[in-house]
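Understanding the architecture of this molecule
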Amino acid sequence: MFLGLRKQEEGAAPRRSIRTVLVVEDEPLIAFDNEHTLEQAGYRIAATVNDYDHAERVIDGGGVDLVIADIGLYGDRNGMDVARHAAAQALPVLFVTGRCPIDAQAMAVGCLAKPYTSRDLVAAIKVIDAVLRGTRRPRIPHGLTLFGPAR
């Protein structure tokens with residue numbers, strides 16, 4: 001009986017657990033750059049939003065593997081609120097911000113300091129993906145801090 005599972009070929013790259021990303025960013029140019037960079041790297045963008053309400057709807061809709069969130073957003077709620085909502089659903093969050101709050105460690109897998117390069121963003125996601133899969137992680141890019149057991 002064939003169940004659609006294939007044994008990974010020797011030397012083949014391991015499957016990614018992060019395929020679909022929600023980008024939560026209030027700066028339009030950064031949001032566009034992140035979306036473009038991630039699409040070019042082979043990730044699917046669930047949505048690019050600039051406030052809590054839209055992020056909540058996308059998260060609740062399912063199909064998101066990682067939330068990339070800035071702390072400062074439009075409206076009364078911020079990226080910390082987005083992270084709390086995502087964490088309640090066991091959805092990993094990577095903060096991308098100029099100043100990562102200390103209490104971010106309780107609700108995110110890491111923080112990538114702004115300014116960062118496109119290469120650093122993709123590398124950070126690959127590190128988080130390896131951590132989530134429990135495999136050997138690649139080199140940590142400049143500006144990425146991992147939290148909790150991810151260290």
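Side note on the packing of aromatic side chains
Summed over all chains, the structure comprises zero aromatic pairs. Against the face of Tyr-52 rests Arg-77, its NZ or CZ located 4.0 Å from the ring centre.

What to know about the pairing of strand S3 (residues 66-69)
Alternating positions in S3 separate into two faces, Leu-66 and Ile-68 on one and Val-67 and Ala-69 on the other, with burial throughout. One ladder, built from four bridges, connects strand S1 (residues 20-24) with S3; its direction is parallel. Its bridge partner lying in S3, Val-24 is registered against Ala-69. Handedness of the crossover is the feature at issue here: the chain leaves S3, passes through helix H3 (residues 79-88), returns alongside strand S4 (residues 93-97), and the resulting connection is right-handed.

Brief notes about the confidence of the model for the protein
In regions of low pLDDT, the predicted coordinates are not meant to be interpreted in detail. Mean pLDDT over the protein works out to 88, with 87% of the residues at or above the 70 mark. Scored below 50 in pLDDT, residues 1-13 shows two contacts in the model against residues more than four places distant or in partner chains.

What to know about the packing of helix H1 (residues 28-40) against helix H4 (residues 118-133)
Across the interface, H1 lies against H4 with an axial gap of 10 Å and an inter-helix angle of 60°. With respect to each other, H1 and H4 are oriented oblique. For the crossing formed where H1 meets H4, the hand is right-handed. When H1 is examined against H4, the residues Asn-34, Thr-37 and Leu-38 are found in contact with a partner set consisting of Ser-118, Leu-121, Val-122 and Ile-125. Of the residues contributing to the contact of H1 with H4, the split by class is four nonpolar, three polar and no charged.

Rules used in this analysis
- Residues numbered from 1 in each chain as written.
- Predicted model: local features only at pLDDT ≥ 70, side-chain atom pairs only at ≥ 80, totals over all residues.
- Heavy atoms only, no water.
- Phe/Tyr/Trp six-rings, centres within 6.5 Å; stacked < 30°, edge-to-face > 60°.
- Lys NZ or Arg CZ within 6 Å of the ring centre and 35° of its normal.
- Buried < 20%, exposed > 50% of the residue type's maximum accessible area, 1.4 Å probe, protein only.
- Helix = DSSP H or I, 4+ residues; strand = E, 2+ residues; numbered from the N terminus.
- Pairing = 2+ DSSP bridges.
- Right-handed = clockwise from strand over helix to strand, strands pointing away.
- pLDDT = per-residue confidence, 0-100.
- Contact = heavy atoms within 4.5 Å.
- Axes fitted to C-alpha atoms, helices over the stretch in contact; angles between N-to-C directions.
- Parallel < 35°, antiparallel > 145°, perpendicular 65-115°, else oblique.
- Left-handed = near helix turned anticlockwise from the far one by under 90°.
- Nonpolar A, V, L, I, M, F, W, Y, C, P; charged D, E, K, R; others polar.

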